[in-house]
Amino acid sequence: MLHTIAPIVENKPGVLVRTAGLFSKRGFNIESLTVGATDNPDRSRMTITVEGDEVVLEQVTKQLNKLVNVIRVSELLPSESVGRELAVIKVAARKEDRSEIMQIVSVIRAEVIDVSPRSMIVEMTGSEDKVEAMVRLLRQFGIKEKARTGKVSMARGATAVGP
Amino acid sequence: MSNMSGAEAIVESLKLEGVDVVFGLPGGYILPLYDALYDSGIRHVLIRHEQAAAHAADGYARATGRVGVCLATSGPGATNLVTGIATAYMDSVPMVAMTGQVPSQLLGTDGFQEADITGITIPVTKHNYLVRRAKDIPRVFREAFYIARTGRPGPVLIDLPKDVTVDDLDFEYPEICLPGYSPNLKVHALQIKRAAKALMEAERPVIYVGGGVKYSDGHKELVELAEKIKAPVTTTLMGVGCFPEDSPLSLGMLGMHGTRYANLAIQEADLILAVGARFDDRVTGKIASFAPQAKVIHVDVDPAEIGKNVRVDIPVVGDAKTALAELAKAVEPKVWSAWNELVAAWKRDHPLFYAKGGDSIKPQFVLETICKLCPEAVIVTEVGQNQMWAAQFFTHKDPKHFISSGGLGTMGYGFPAATGAKMGCPEKEVFDIAGDGSIQMNIQELATAVINDVAVKVIILNNGVLGMVRQLQDLFYEKRFTNTTLGRVPDFVKMAEAYGALGLRATRPSEVEGVLKEAIASDRPTVVDVVISPDEKVSPMVPAGASLSEILELEG
């Protein structure tokens, strides 16, 4: 099963290596990992999605909590959180395909952010499923390059871990 | 205080932390610190190989309960510390290791004697630091010592680029501010209540104790609890000494080379109270069949240990000493029961034993004789058969008197660790129980011991082979003794003499006591070469991966 955990960490060198090391040590493959600033310049927030069974995940979460640079760790359950991902995709765009691509992009509320004679770059923000769906739709034209940020997530409702 | 160099700030920090001795070896990039140490009043012990600096700091820490400190230069000096740091990490030993580093502007350029030691040691330290500014030194040192000794103790490494030790700063020792680090020391009253209730209801309880009791100084509370409810107590290798082995409630050590009765008791128990122990594979054997009938209460200061290897019914996060004291208060006294009778019968029927008589010296007899002559001795061990015999055939009673590399199983640990232990406790008699394989891994430390007048007694159980591995080949590899026969072993008596130590030898059983007495009487570092048979075995034995019920009795 895919799990999403969101550690709040100190904004210091080496924190990423320490965190990622706990996963690799146990043979876990990280599906995606994002890090970015919070509203507090001393803190960063990560969103890590990882495949694994509950027991091992609990162990990794506890180990993460032991790291001196990790302030807190929360697991985000799909039903109780929202998650978004950004993807930019360079798709082959021959003259005859161009309008169809534009149509798809508009229907799924993505955006074209670059156009050249033989390609377009499409930008899309959404849940992983939606991003996945767009990728499938664009594949028929030929995907030349694809970059995804990995998911950022947050628990629903008023409770918060702080700025 | 203001305007001192980084190196002077380090010395000042060490003094504020109460450090009286550091173990190390200098090199180019750590020289500013050595210069500041020169007339600091802090004793520096010059070892002969950096690995020994880490082991000596480790032995000092285990024997005294204080933070052990070692230092080395950058590059190879730092990487040589790694085995010692990993050893301390696996056994939760409080240690601060300092390493020199190339100047900041050379970091990451493959400069001369550069190694990314913070990167290398992330998996084997509790925490580590690469100090980037001289003004951070007081904070980093304060945090490092605090992290090393609190909660579940462990090694912390501080990497010091040369310029950082040279630059000036205004010294101020700050308050600790670590938002991501708060060791759980208090125990939850409700969990204690639940645990106490389970202990009262149990008919066949066993207390299973590890190194956590040692580090929390909880042995008195352990004895109080065990005696109040008449619960048998077994210890892991790390817990040896936490419960007096001459007590009728003692089961000795459990696990792979544990006593038959400890393993029987575990397998028949209806309740296990695990305290400061981590259900290591050498203890549990095949995990699925470990203690099949037992409910498990697990007390540990490290929440990550609870539920890691076995399912736990009643978790108690917190300090072992506090938890044991609270439990002892919460339970009602119990009387000697049918369970105690059964355990006593197992102890009677399946004692640790070895074949006596014959012309060759029995290693078990050597340990028994040391115990008879010097029951209060600190026993430090190398790793392998010597280690298991030392755990089994010496009657351990004091938690700080048995020192051994358990988790990592580091050959070459014992002698430098014994040196560190003796420096921490000069009034105590300290033995290193060694094999001829292990001792050769750090034999150069004889020079350190001799020059510093550290009268450690090294007892080499010399069988000319890598005995524990040979035993595995004997049992599981059709006696195909590949690369376990050492061939020519040096003359350890002459070697001791070459270093300026006293060398003694025993080749017949009748010589053992006399030679040991001579060693004990010696006020110099002393090496005793005790010649034993290569076919001696550690018994009993639970083969790796087997259930504790499948224990084998082996003849030497």
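The rules we used
- Residues numbered from 1 in each chain as written.
- Chains lettered and ligands numbered in written order.
- Predicted model: local features only at pLDDT ≥ 70, side-chain atom pairs only at ≥ 80, totals over all residues.
- Helix = DSSP H or I, 4+ residues; strand = E, 2+ residues; numbered from the N terminus.
- Buried ≥ 20, exposed ≤ 12 C-beta atoms within 10 Å, placed from the backbone.
- Contact = placed C-beta atoms within 7 Å.
- Pairing = 2+ DSSP bridges.
- Axes fitted to C-alpha atoms, helices over the stretch in contact; angles between N-to-C directions.
- Nonpolar A, V, L, I, M, F, W, Y, C, P; charged D, E, K, R; others polar.
- Domains from an automatic or database assignment.
- Parallel < 35°, antiparallel > 145°, perpendicular 65-115°, else oblique.
- Left-handed = near helix turned anticlockwise from the far one by under 90°.
- Core = buried A, V, L, I, M, F, W, Y, C linked by C-beta atoms within 7 Å.

Per the secondary structure count, chain A includes four helices and nine strands. Over its C-alpha atoms, taken along the principal directions, chain A stretches across nearly 55 × 35 × 30 Å. For chain A, buried positions account for 25% of its 163 residues.

Moving on to the overall build of chain B. Summing up its helical and strand segments, chain B has 22 helices and 20 strands in all. Dimensions along the principal axes, computed over C-alpha positions, put chain B at roughly 70 × 60 × 40 Å. Within chain B, the proportion of its 556 residues that are buried is 56%. The long-range share in chain B, meaning contacts at least 24 apart out of those at least 6 apart in sequence, stands at 76%.

For the rest of this paragraph, the subject is the sheet that holds strand β12 (residues 271-275) of chain B. Across a sheet, strands are paired by hydrogen bonds formed along the backbone, either parallel or antiparallel in direction. Residues and elements named next belong to chain B. Here six strands make up an open sheet; going across it, the order is β11-β10-β9-β12-β13-β14 and the pairing parallel. In the strand order of this sheet, the two ends are held by β11 (250-253) and β14 (314-317), each with one partner. Neighbour-to-neighbour, the strand axes of this sheet turn through a mean angle of 15°, independent of strand direction. Sheet analysis places strand β10 (residues 233-235) next to β11, joined by two bridges and oriented parallel. Along β11, the bridge assignment pairs T235 with M253. Along the sheet face, helix α8 (residues 189-201) touches β9 (205-209), β12, β13 (295-300) and β14 and points at about 135° away from the line of β14. Contacting β9, β10, β11 and β12, helix α11 (residues 260-268) runs over the sheet at an angle of about 110° to β11.

So, about the interface of chain B and chain A. Each partner contributes to the interface: chain B provides 13 residues, whereas chain A provides 15 residues. Looking at the side of chain B that touches chain A residue by residue, the class counts come to eight nonpolar, four polar and one charged.

Residues and elements named next belong to chain B. Cis geometry marks the peptide bond from S539 to P540; its omega dihedral reads -5°. If you check the backbone angles, A291 has positive phi at about 45° while not being a glycine. Structurally, the position occupied by A291 is in the loop between α12 (281-284) and β13. Here E478, not a glycine, exhibits a phi torsion of approximately 50°, which is positive. Examined against the element boundaries, E478 turns out to sit in the loop between α20 (467-476) and α21 (492-499). Residue E478 is classed as exposed on the basis of its 8 C-beta neighbours within 10 Å.

Residues and elements named next belong to chain A. The domains assigned to chain A are domain 1 (2-76) and domain 2 (82-152). Across the boundary between the two partners, domain 1 contributes six residues, which contact five residues of domain 2. The set of elements that each furnish at least two residues to the side of domain 1 that touches domain 2 consists of β2 (30-37) and β3 (43-51). Its residues placed into classes, the side of domain 1 that touches domain 2 shows one nonpolar, five polar and no charged.

What follows is about the packing of helix α10 (residues 219-229) of chain B against helix α13 (residues 320-330) of chain B. Residue and element names in this part refer to chain B. For the pair α10 and α13, the least separation of the axes is 8 Å and the interaxial angle reads 30°. With respect to α13, the element α10 is oriented roughly parallel. With respect to the hand of their crossing, α10 and α13 are arranged in left-handed fashion. Note on element contacts: α13 touches α10 through K321, L324, A325, L327 and A328, opposite E221, L222, E224, L225 and K228.

Below, the discussion takes up the sheet that holds strand β18 (residues 457-462) of chain B. All names here are of chain B. On the basis of which strands lie adjacent, the open sheet formed by six strands has the order β16-β15-β17-β18-β20-β19 and parallel pairing. Strands with a single pairing partner mark the edges of an open sheet, and in this sheet they are β16 (402-403) and β19 (502-506). As judged from the five bridges shared by strand β17 (residues 430-435) and β18, these two strands associate in the parallel manner. Residue pairing across strands places I433 opposite I459, the latter belonging to β18. Strands in contact with α21 are β18, β19 and β20 (526-531); relative to β19, the strand with the most contacts, it is inclined by about 170°.

Okay, the environment of K230 of chain B next. Residue and element names in this part refer to chain B. Among the secondary structure elements, K230 is positioned in the loop between α10 and β10. Measuring from C-alpha to C-alpha, the distance between K230 and P248 comes to 9.5 Å, with 18 residues separating the pair along the chain. When near neighbours in sequence (up to four residues on either side) are disregarded, K230 contacts L249, K334, V335, W336, S337 and N340.

Here we take up helix α15 (residues 363-373) of chain B. All of the buried residues in α15 of chain B are P363, Q364, V366, L367, T369 and I370 of chain B. The secondary structure elements touched by the buried residues of α15 of chain B are α16 (385-393), β17, β18, α22 (509-521) and β20 of chain B.

The subject of this paragraph is the nonpolar core. The nonpolar side chains of soluble globular proteins are, as a tendency, buried together. A53, C70, V96, I272, V275 and V528 of chain B are the most contacted members of the largest nonpolar core, which totals 194 residues. Of all the elements, helix α3 (residues 50-64) of chain B adds the most residues to this core, at eight residues. In this structure, I272 of chain B is in contact with V206, Y208, I266, A291, A294 and V296 of chain B, ignoring residues within four places of it in sequence. Core analysis: the second largest hydrophobic core is formed by 13 residues, A93, V122, M124 and L138 of chain A among them.

All names here are of chain B. Tracing the backbone shows R142 in helix α6 (residues 137-149). Its 19 C-beta neighbours within 10 Å are what place R142 among the partly exposed residues. Separated by 31 residues in sequence, R142 and Y173 place their C-alpha atoms 7.3 Å apart. Every residue in contact with R142, bar those within four places of it in the chain, is listed here: S13, Y173, P174 and I176.

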